[in-house]
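Results of the structural survey
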Amino acid sequence: MKPITLYIASSLDGFIARKDGDISWLEAYQQEGQDYGYSEFLRSIDIIVMGSKTYEQILTFGPWPYGDIKTYVLTRREFQIPEKADVILTGDSLEDLISRLRNESQKGIWLAGGALVARSFLRLRSVDRIILTVIPRILGDGIPLLCDLGAEAALILRESRIYDNGIVQMHYDVERQIMGIK
């Protein structure tokens, strides 16, 4: 069974974006020649899963950034698919999709976001790893990463990295038992 990894960044106070979805605050932390392990992570996956809001945002960034990596977008709406992108729009139940993802993947699956998708996968006990990059900024308000999860999960820290600009990245395994699911 190939792992599903939530790989995401948040502010120190736990927000992945401002209320309107804006993530421009992350730009101040980009450094020439430093990708915070992103390239290494991309080599470890062969499927990406994201929600429709994340997909819409990525479409505004310019050329499709994920090459030919198969990408599932959780939506019931129709969207434009970028040229040469392997994008599948799906309204399948999460249970069915998770089973298909685990059967298709030869390497690993990236749960790219957003927050609602991450929470849904966690509630279904379908996240195996979390790579959380904490940006040294307090937003004060925005889209929270894991509020109202309705579950408790124990995490096992496998690795942590501290970068010279204050970014801290933590690699966790999610214990198979999640208690208290509502």
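These notes cover the structure that comes with them. As the structure is a computational prediction, the values presented were derived from the model and not from experiment.

About the criteria used
Residues numbered from 1 in each chain as written. Predicted model: local features only at pLDDT ≥ 70, side-chain atom pairs only at ≥ 80, totals over all residues. Heavy atoms only, no water. Buried < 20%, exposed > 50% of the residue type's maximum accessible area, 1.4 Å probe, protein only. Helix = DSSP H or I, 4+ residues; strand = E, 2+ residues; numbered from the N terminus. Salt bridge = Lys/Arg side-chain N within 4 Å of Asp/Glu carboxyl O. Arc of directions from axis to C-beta. Contact = heavy atoms within 4.5 Å. Core = buried A, V, L, I, M, F, W, Y, C linked by side-chain atoms within 4.5 Å. Polar contact = N/O pair within 3.5 Å; in protein donor to acceptor, adjacent residues only side chain to side chain. Pairing = 2+ DSSP bridges. Right-handed = clockwise from strand over helix to strand, strands pointing away.

1. Examining helix H4 (residues 115-123)
Side chains of residues three or four places apart in an α-helix project in the same direction, reflecting 3.6 residues per turn. All of the buried residues along H4 are Ala115, Val117, Ala118, Arg119, Phe121 and Leu122. Looking one or two residues past H4, arginine 125 carries a phi angle of roughly 60°, positive in sign.

2. Notes on the pattern of salt bridges
As enumerated under the stated definition, the model contains ten salt bridges in all. A salt bridge links aspartate 92 to arginine 100, with the shortest nitrogen-to-oxygen separation between them at 2.9 Å. Residue classification places aspartate 92 among the partly exposed positions, given a relative accessible area of 35%. Taken together, the salt bridges that share partners define one network made up of Glu40, Glu159 and Arg161.

3. Some points on helix H2 (residues 52-59)
Those residues of H2 not exposed but buried are Ser52, Thr54, Tyr55 and Ile58. Looking straight down H2, one finds that the buried residues subtend no more than 160° of arc, so they occupy a single side. On its buried side, H2 packs onto strand E3 (47-51), strand E4 (70-74), strand E5 (87-90) and strand E6 (109-113).

4. Structural notes on the nonpolar core
The biggest cluster of nonpolar side chains holds 29 residues, and the ones touching the most others in it are Val49, Leu101, Leu111, Phe121 and Val127. For this core, the element with the most residues is H4, which contributes five residues. Listed in part, the 18 residues of the second largest apolar core include Ile48, Tyr66, Ala112 and Ile131.

5. Some points on the environment of leucine 59
Within the secondary structure, leucine 59 is located in helix H2. The exposure class of leucine 59 is partly exposed, given its relative accessible area of 30%. Leucine 59 has contacts with Gln80 and Pro82, leaving out every residue within four places of it along the chain.

6. Some points on the side chain of arginine 161
You can see arginine 161 is positioned in strand E9 (residues 152-162). Engagement of the side chain of arginine 161 in a polar contact is seen with the side chain of glutamate 159, the distance being 2.6 Å. In this view, arginine 161 contacts Tyr36, Gly37, Glu40, Ile167, Val168, Gln169 and His171; residues no more than four positions away in its chain are not counted.

7. A word on the pairing of E4
The buried fraction of E4 amounts to four of the five residues, a majority that puts the element mostly inside the structure. One ladder, built from five bridges, connects E3 with E4; its direction is parallel. Among the inter-strand pairings, isoleucine 48 is bridged to a residue of E4, identified as threonine 71. With H2 bridging E3 and the parallel E4, this β-α-β connection has right-handed handedness.

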